[in-house]
Number of protein chains: 2
Amino acid sequence: MFSITEVRADMQADNSRFAAEMRELTKKEGIYLINLMASPGAGKTSVICRILDALLPKYRIGVLEADMDDDVDSRTVLSHGAEVVQLHTGTSCHMDAKMTLEGINMLKKPLPDIVILENVGNLVCPAEFDVGADMRLMILSVPEGDDKPLKYPLMFTVSDRMIINKIDTAPVFDFDIARCEKNVRALNPDIEIFPVSAKTGEGIEALVCSLYKTVEKTLAKKRNGAENR
Amino acid sequence: MFSITEVRADMQADNSRFAAEMRELTKKEGIYLINLMASPGAGKTSVICRILDALLPKYRIGVLEADMDDDVDSRTVLSHGAEVVQLHTGTSCHMDAKMTLEGINMLKKPLPDIVILENVGNLVCPAEFDVGADMRLMILSVPEGDDKPLKYPLMFTVSDRMIINKIDTAPVFDFDIARCEKNVRALNPDIEIFPVSAKTGEGIEALVCSLYKTVEKTLAKKRNGAENR
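What counts, and where the lines are drawn
- Residues numbered from 1 in each chain as written.
- Chains lettered and ligands numbered in written order.
- Predicted model: local features only at pLDDT ≥ 70, side-chain atom pairs only at ≥ 80, totals over all residues.
- Heavy atoms only, no water.
- Buried < 20%, exposed > 50% of the residue type's maximum accessible area, 1.4 Å probe, protein only.
- Helix = DSSP H or I, 4+ residues; strand = E, 2+ residues; numbered from the N terminus.
- Arc of directions from axis to C-beta.
- Contact = heavy atoms within 4.5 Å.
- Salt bridge = Lys/Arg side-chain N within 4 Å of Asp/Glu carboxyl O.
- Pairing = 2+ DSSP bridges.
- Axes fitted to C-alpha atoms, helices over the stretch in contact; angles between N-to-C directions.
- Phe/Tyr/Trp six-rings, centres within 6.5 Å; stacked < 30°, edge-to-face > 60°.
- Lys NZ or Arg CZ within 6 Å of the ring centre and 35° of its normal.

This part is about helix 3 (residues 72-79) of chain A. By the burial criterion, the buried members of helix 3 of chain A are Asp73(A), Ser74(A) and Val77(A). For helix 3 of chain A, the arc enclosing every buried residue in end-on projection is 100°, short of the 170-degree limit, so these residues lie on one face. Opposite the buried face of helix 3 of chain A, by more than 90 degrees, sit the exposed residues Arg75(A) and Ser79(A). Close packing links the buried residues of helix 3 of chain A with helix 2 (44-55), strand 2 (61-67), strand 3 (83-88) and strand 4 (114-118) of chain A together with helix 5 (148-151) of chain B. At the exit of helix 3 of chain A stands Gly81(A), carrying a positive phi of roughly 95°.

Below, the structure written as structure tokens:
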């Protein structure tokens, strides 16, 4: 077990360096970067499409689609009007800061206002890698169960916001939203939680309004900073 | 990216050594080892409980519960009559052969006939680590979507059997079992696929009968081998 720990320490030091480089880049270029993380099938692409439909009239948005293989999601996101870069991670189970930098640099110049990284579907490893994002946004979907914060605490601890997706299926599953929220807040008292259904649209307005306010504020700050240099 | 690849090669060489040690152990002791892998919330624990209810009258069964944290599943499995060892993997997103060996050696002696490793909930990383099991058994659940074989091909490629769980929820999701099976067989023509609902019990009998036949045959071979030494 010792060797694994050592290896990870090296990887994390490298990663922190690239995450700092990412923060410099997004500050200089005035970009808001969202790292979207969730298990396979939790609804990352559907949530992104809802965000695109709401915010594309106001912002240019780029999406980095990270998958081990395939480009199903890229085609979906493209059809909603985003600029898309498909990243194949091969055997890697997460995106790190260096891979994300490579992805951002493949987007058309001038870079978009918002970049959404759709991370590899995995509730575990992506939580360990800071990609230098402005927001870590996670999704838990109702069919996964309300006990997941107990079993995979890191993801719930490091995220700034959490979406509970597929609430339209709550009657089919024994998912208690209040219990889930309580478990999450025990790990992360400041997290903002948004129950939504990307399918029916329920709860999407509250999510998108909140994202809009945060993006607007952060971009104003970044862009003022850049002008005052 | 170079350094990651190198690291993984080292890890894999170590792992293969421990996987070989595991094969020796299970042959010598006459144990059938199942490595059960799936995303968080796909129903690993519920499937194990169904297997326990059906096969405990015939076999002694031990379960290794691998979680990053918590012991919810251990308590559930214990209540169905299995012997249980709880393994906390900390930040590790998968079980490797060494960790699995440590788990098996914590079970009561004489060791059980069947050991089920409930791997960490993750459709990605566990697929990369051979733990020396007799069977790699994976679960995909209906809410995750029928496109997952395209996005996470390795897990579907390395598994011997696949359970499609939560088929009782098929009407709620756009999950096409035939399309899913076609995508899986393109990667892995020999895989056996079992559509089930661990909740309602649908399809469980076919799954359990098939497991029983395979376990019976393999254990007879291992135990004859041991006697003839």
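The rest of the description comes next.
This paragraph deals with the pattern of salt bridges. According to the stated counting rule, one finds 26 salt bridges over all chains in the structure shown. Between Glu83(A) and Arg60(A) there is a salt bridge, with its nearest N and O atoms 2.9 Å apart. Remark: Arg60(A) occurs in the loop between helix 2 and strand 2 and Glu83(A) occurs in strand 3; sequence separation between them is 23 residues. Exposure remark for Glu83(A): the relative accessible area of 18% places this residue in the buried category. In this structure Arg60(A) comes out as partly exposed when scored by relative accessible area, which is 33%. One connected set of salt bridges, linked through shared partners, spans Asp73(A), Asp147(B), Lys148(B) and Lys151(B).

Residue and element names in this part refer to chain A. Pairing in this open sheet of seven strands is parallel, and the strands run 3-2-4-1-5-6-7 from one edge to the other. Both edges of this open sheet fall to strand 3 and strand 7 (192-195), since each of them pairs with a single strand only. Recorded for the sheet is a direction-independent mean angle of 20° between the axes of neighbouring strands. The pairing of strand 2 with strand 4 spans five bridges and is classified as parallel. Within strand 4, the residue paired with Glu 65 across the bridge is Glu 118.

This brings us to the packing of aromatic side chains. To describe a pair of aromatic rings, one takes the distance between the centres and the angle between the planes. Under the definition given, this model contains three aromatic pairs over all chains. Centroid distance Phe173(A) to Phe173(B): 6.3 Å. Interplanar angle 55°. Geometry classified as tilted. Of the two residues, Phe173(A) sits in the loop between strand 6 (161-165) and helix 7 (177-187) while Phe173(B) sits in the loop between strand 6 (161-165) and helix 7 (177-187), which places them in two different chains. In terms of burial, Phe173(A) and Phe173(B) fall into one category: buried. Look at Tyr59(B) and Tyr212(B): their rings are 6.1 Å apart centre to centre, the planes differ by 50°, and that puts the pair in the tilted class. With a gap of 153 residues between them, Tyr59(B) in the loop between helix 2 (44-55) and strand 2 (61-67) and Tyr212(B) in helix 8 (residues 204-227) connect regions that are remote in the sequence. Note on Tyr212(B): relative accessible area 28%, which makes it partly exposed. The ring of Phe18(A) carries the charged tip of Arg17(A) above its face, separated from the ring centre by 5.0 Å.

With that settled, consider unusual backbone geometry. Residue and element names in this part refer to chain A. The residue after Lys 109, namely Pro 110, is reached through a cis peptide bond having omega -10°. Structurally, Pro 110 is set in the loop between helix 4 (97-104) and strand 4. In this structure, Lys 166 is a non-glycine residue whose phi angle is positive, near 65°. Inspection of the secondary structure puts Lys 166 in the loop between strand 6 and helix 7. With a relative accessible area of 12%, Lys 166 lands in the buried category.

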